[in-house]
Amino acid sequence: MPSPNIDHALELLAQRRPVFHSEADFQHALAWEFQLMDPTTNIRLKKQIAAAGSRIHLDLLAQGAGYEVAIEVKYKTKAAEIVHCNEIFSLRNQRAQDIGRHDFVKDIGRLEKYTDSHPGSIGYAILLTNDRTYWLASQKLAAVDSEFRIHEDRVMEGSLAWSSRASEGTKRNRNAAIELQCGYKPKWRDFSIVGVDHSEKFRYLALKVPSEG
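Okay, so let's go over this structure. (Residues numbered from 1 in each chain as written. Predicted model: local features only at pLDDT ≥ 70, side-chain atom pairs only at ≥ 80, totals over all residues. Heavy atoms only, no water.)

### As for the overall build of the protein chain
Argument step 1. Looking only at helices and strands, one finds four helices and 10 strands in the protein chain.
Argument step 2. Each helix (α) and strand (β) of the protein chain, taken in turn from the N terminus, gives the series α-α-β-β-β-β-β-α-β-β-α-β-β-β.
Argument step 3. Relative to its length of 213 residues, the protein chain is compact, with a C-alpha radius of gyration of 17 Å against a globular reference of 17 Å.
Argument step 4. With the C-alpha coordinates aligned to their principal axes, the bounding extent of the protein chain is approximately 50 × 45 × 30 Å.
Argument step 5. The proportion of buried residues among the 213 residues of the protein chain is 47%.
Argument step 6. If you take every contact in the protein chain between residues at least 6 apart in sequence, the share linking residues at least 24 apart comes to 60%.
Argument step 7. Here the protein chain has roughly 10,600 Å² of accessible surface; of this, 49% comes from carbon and sulfur atoms.
Argument step 8. In the protein chain, 29 side chains carry a positive charge and 28 a negative one; their mean positions are 4 Å apart. (Helix = DSSP H or I, 4+ residues; strand = E, 2+ residues; numbered from the N terminus. Rg over C-alpha atoms; globule rule 2.2 N^0.38 Å. Buried < 20%, exposed > 50% of the residue type's maximum accessible area, 1.4 Å probe, protein only. Contact = heavy atoms within 4.5 Å. Areas by Shrake-Rupley, 256 points an atom, 1.4 Å probe, with all protein chains shown as cover. Lys, Arg positive; Asp, Glu negative; His and termini not counted. Charge placed at Lys NZ, Arg CZ, Asp CG, Glu CD.)

### Some remarks on the pairing of strand S3 (residues 67-76)
Argument step 1. Of all the 10 residues making up S3, 10 are buried; the element is thus mostly covered by neighbouring parts of the structure.
Argument step 2. A two-sided burial pattern is seen for S3, the buried positions comprising Tyr 67, Val 69, Ile 71, Val 73 and Tyr 75 on one face and Glu 68, Ala 70, Glu 72, Lys 74 and Lys 76 on the other.
Argument step 3. Pairing analysis gives five bridges linking strand S2 (residues 54-64) to S3, with the strands arranged antiparallel. Looking at S3, one finds that Gly 64 is bridged to Tyr 67.
Argument step 4. In this sheet, strand S6 (residues 122-129) lies alongside S3 in parallel orientation, the contact comprising eight bridges. Bridging from a neighbouring strand, Lys 74 pairs with Leu 127 of S6. (Pairing = 2+ DSSP bridges.)

### Section: the nonpolar core
Argument step 1. Formed by 30 residues in total, the largest nonpolar core has its most connected members in Phe 26, Leu 30, Ile 71 and Phe 191.
Argument step 2. Among the elements of the structure, helix H1 (6-16), helix H2 (23-37), S2, S3, strand S4 (80-84), strand S5 (87-91), S6 and strand S10 (201-209) are those that each provide at least two residues to this core.
Argument step 3. Grouped together as the second largest cluster of nonpolar side chains are 28 residues, Trp 135, Phe 148, Ala 166 and Ile 178 included. (Core = buried A, V, L, I, M, F, W, Y, C linked by side-chain atoms within 4.5 Å.)

### So, the pattern of salt bridges
Argument step 1. Under the definition given, this model contains 15 salt bridges.
Argument step 2. Linking Lys 46 and Asp 59 is a salt bridge whose minimum nitrogen-to-oxygen distance equals 3.0 Å. With a gap of 13 residues between them, Lys 46 in strand S1 (residues 42-51) and Asp 59 in strand S2 connect regions that are remote in the sequence.
Argument step 3. Owing to a relative accessible area of 55%, Lys 46 belongs among the exposed residues under this scheme.
Argument step 4. The exposure class of Asp 59 is buried, given its relative accessible area of 7%. (Salt bridge = Lys/Arg side-chain N within 4 Å of Asp/Glu carboxyl O.)

### Some points on the packing of aromatic side chains
Given two aromatic rings, one states the distance between the centres and the angle between the planes to describe the pair.
Argument step 1. Summed over the entire model, instances satisfying the criterion amount to eight aromatic pairs.
Argument step 2. Ring centres of Tyr 75 and Phe 202 lie 6.4 Å apart, and the angle between their planes is 10°; this geometry places the pair in the stacked category. On the criterion of sequence distance, the pair formed by Tyr 75 in strand S3 and Phe 202 in strand S10 is long-range, its members being 127 residues apart. Of the two residues examined, Tyr 75 and Phe 202, each falls in the buried class. (Phe/Tyr/Trp six-rings, centres within 6.5 Å; stacked < 30°, edge-to-face > 60°.)

### A closer look at the layout of surface pockets
Argument step 1. In this structure, the largest pocket encloses a volume near 430 Å³.
Argument step 2. What lines the largest pocket is a set of 16 residues, among which Tyr 124, Ala 206, Leu 207, Lys 208 and Glu 212 lie closest to the centre.
Argument step 3. At the level of secondary structure, the elements contributing two or more residues to the lining of the largest pocket comprise H1 and S10.
Argument step 4. Ranked by residue count, the leading element in the lining of the largest pocket is S10, at five residues.
Argument step 5. Split by residue class, the lining of the largest pocket holds seven nonpolar, three polar and six charged.
Argument step 6. Taken as a whole, the second largest pocket spans an internal volume of roughly 250 Å³. (1 Å grid on protein atoms, 1.4 Å probe; cavity = no way out; pocket = protein on both sides within 12 Å on 5 of 7 lines; lining within 4 Å. Points joined across faces, edges and corners; volume = space filled by probe spheres on them. Nonpolar A, V, L, I, M, F, W, Y, C, P; charged D, E, K, R; others polar.)

Shown next as structure tokens:
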């Protein structure tokens, strides 16, 4: 059986769960969607595996007949009070979008190490958000996180690092440049619309690792 189509999985998931309480909630719901798509899939959450001479912590690992998919998940929210099917979702304003972008790009680098060490496997770095600053290009031409920007059709490749103007607080535990072996071009897709306010629209980015070119 071919590996699950990630866009199809997210489309099905959005029909059942258009919004989530937290990143962990999103991870568990996505894992369950994979299980529904292929009941024979072996699913592991928060899996620690050896790769490239070190240990890599994966959010989700799906192993089925003839495929192995490693997934890293991010759920970044803007403040919103959403009611869906009589359930209240109180989303907090996470801010620190520069760090959020950095950590997403770092996920890509980690998945590259995993797929290199596990021939035949593929990875997906997934970001789901209702914060449009992630998918829109910045008006700041010299932002401290300009190399980590993930807006539509931006090309990410090579060595990516903070601007020299980034504060020590921003760079704490994130000093090292991120080395990408492949090039990636973000393509954002709609996930769900749960209200009329812009904070009630969710979009996602799912980058395949390694890139297909």
